[in-house]
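# Structural overview for review
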Amino acid sequence: MGSEHARGQSLSLLLRRSARRHRSKTALICGSEQLSYSDLDRLADSLANGLLREGMKPGDRVAILARNSHAFVTIRFAVARAGAVLVPINFMLGEEEARYILDHSGAFMLFVDASTSTIGRAAASPNPLIFGLPGGAHRRS
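Residues numbered from 1 in each chain as written. Predicted model: local features only at pLDDT ≥ 70, side-chain atom pairs only at ≥ 80, totals over all residues. Heavy atoms only, no water.

Counting its secondary structure elements, the protein contains six helices and seven strands. From first element to last, N terminus to C terminus, the protein shows the α and β order α-α-β-β-α-β-α-β-α-β-α-β-β. The buried share among the 141 residues of the protein stands at 40%. Considering only contacts in the protein between residues 6 or more positions apart, those separated by 24 or more positions represent 56%. For the protein, the accessible surface area stands at approximately 8000 Å², while carbon and sulfur atoms represent 52% of it. (Helix = DSSP H or I, 4+ residues; strand = E, 2+ residues; numbered from the N terminus. Buried < 20%, exposed > 50% of the residue type's maximum accessible area, 1.4 Å probe, protein only. Contact = heavy atoms within 4.5 Å. Areas by Shrake-Rupley, 256 points an atom, 1.4 Å probe, with all protein chains shown as cover.)

Right under this line is the structure:
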């Protein structure tokens, strides 16, 4: 397989192609929430642009300490679309393990959900921005 072919197989492009082919078909079901391929593609675009506005650059690490959810999947595609690297942290880890991963990955930002917010905030060094799922941003002071 040549490098041109491999570049055409990125996670971001996979979603983009699926959104073109299956616009209104359900791409994701999480609890009572459903997203179509086109909705997921649009959300990934919007979040990727937001990450870039926050100062993220291609190649930066973006950590996520959260349970599986539609937001987790959206973040995965958005990070890929923005050219960054996702650092998933197992939500069952404690503060020290999460801190170790954050420190050694050099994460630029961290996403947390309601169940991981306390550990994530305690584990984050002063550097990463901390964002809650699915919505609001919270800067660590």
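Moving on, there is more to tell.
Before going further, it helps to spend a moment on the pattern of salt bridges. Taken as a whole, this structure holds five salt bridges when the rule is applied. Its salt-bridge partner being Asp 39, residue Arg 42 comes within 2.4 Å of it at the nearest N-O pair. On the criterion of helical spacing, the pair formed by Arg 42 and Asp 39 is a turn pair, its members being three residues apart in helix α3 (residues 37-53). Using a relative accessible area of 26% as the deciding quantity, one classes Asp 39 as partly exposed. (Salt bridge = Lys/Arg side-chain N within 4 Å of Asp/Glu carboxyl O.)

Where α3 contacts helix α4 (residues 70-81), the axes come no closer than 8 Å and their chain directions differ by 60 degrees. Compared by their axis directions, α3 and α4 come out oblique. With respect to the hand of their crossing, α3 and α4 are arranged in right-handed fashion. Here Leu 40, Asp 41, Leu 43, Ala 44, Asp 45, Leu 47, Ala 48 and Leu 51 of α3 lie close against α4, whose contacting residues are Val 73, Thr 74, Ile 75, Phe 77, Ala 78, Val 79 and Arg 81. (Axes fitted to C-alpha atoms, helices over the stretch in contact; angles between N-to-C directions. Parallel < 35°, antiparallel > 145°, perpendicular 65-115°, else oblique. Left-handed = near helix turned anticlockwise from the far one by under 90°.)

Mean pLDDT for the protein: 84, with 84% of residues reaching 70 or above. Per-element averaging of pLDDT across the protein places strand β7 (residues 137-138) at the bottom with 40 and strand β4 (residues 85-89) at the top with 96. Scored below 50 in pLDDT, residues 135-141 makes 16 contacts in the model with residues more than four places away or belonging to other chains. (pLDDT = per-residue confidence, 0-100.)

With that out of the way, let us pick up helix α5 (residues 95-105). Of all the positions in α5, only Ala 98, Leu 102 and Ser 105 are classed as buried. Down the axis of α5, the buried side of the element spans an arc of 80 degrees, and every buried residue falls inside it. Residues of α5 that are exposed and point over 90 degrees away from its buried face: Glu 96, Tyr 100 and His 104. The inward-facing, buried residues of α5 abut β3 (61-65), β4, β5 (109-112) and α6 (117-123). Just downstream of α5 lies Gly 106, where phi reads positive at about 70 degrees. (Arc of directions from axis to C-beta.)

What you see with β5 is no split at all: Met 109 and Phe 111 on one side and Leu 110 and Val 112 on the other are buried throughout. As defined by bridge partners, β5 adjoins strand β6 (residues 129-132) across four bridges and the pair is classed as parallel. Pairing of Val 112 across the sheet is with Gly 132, part of β6. (Pairing = 2+ DSSP bridges.)

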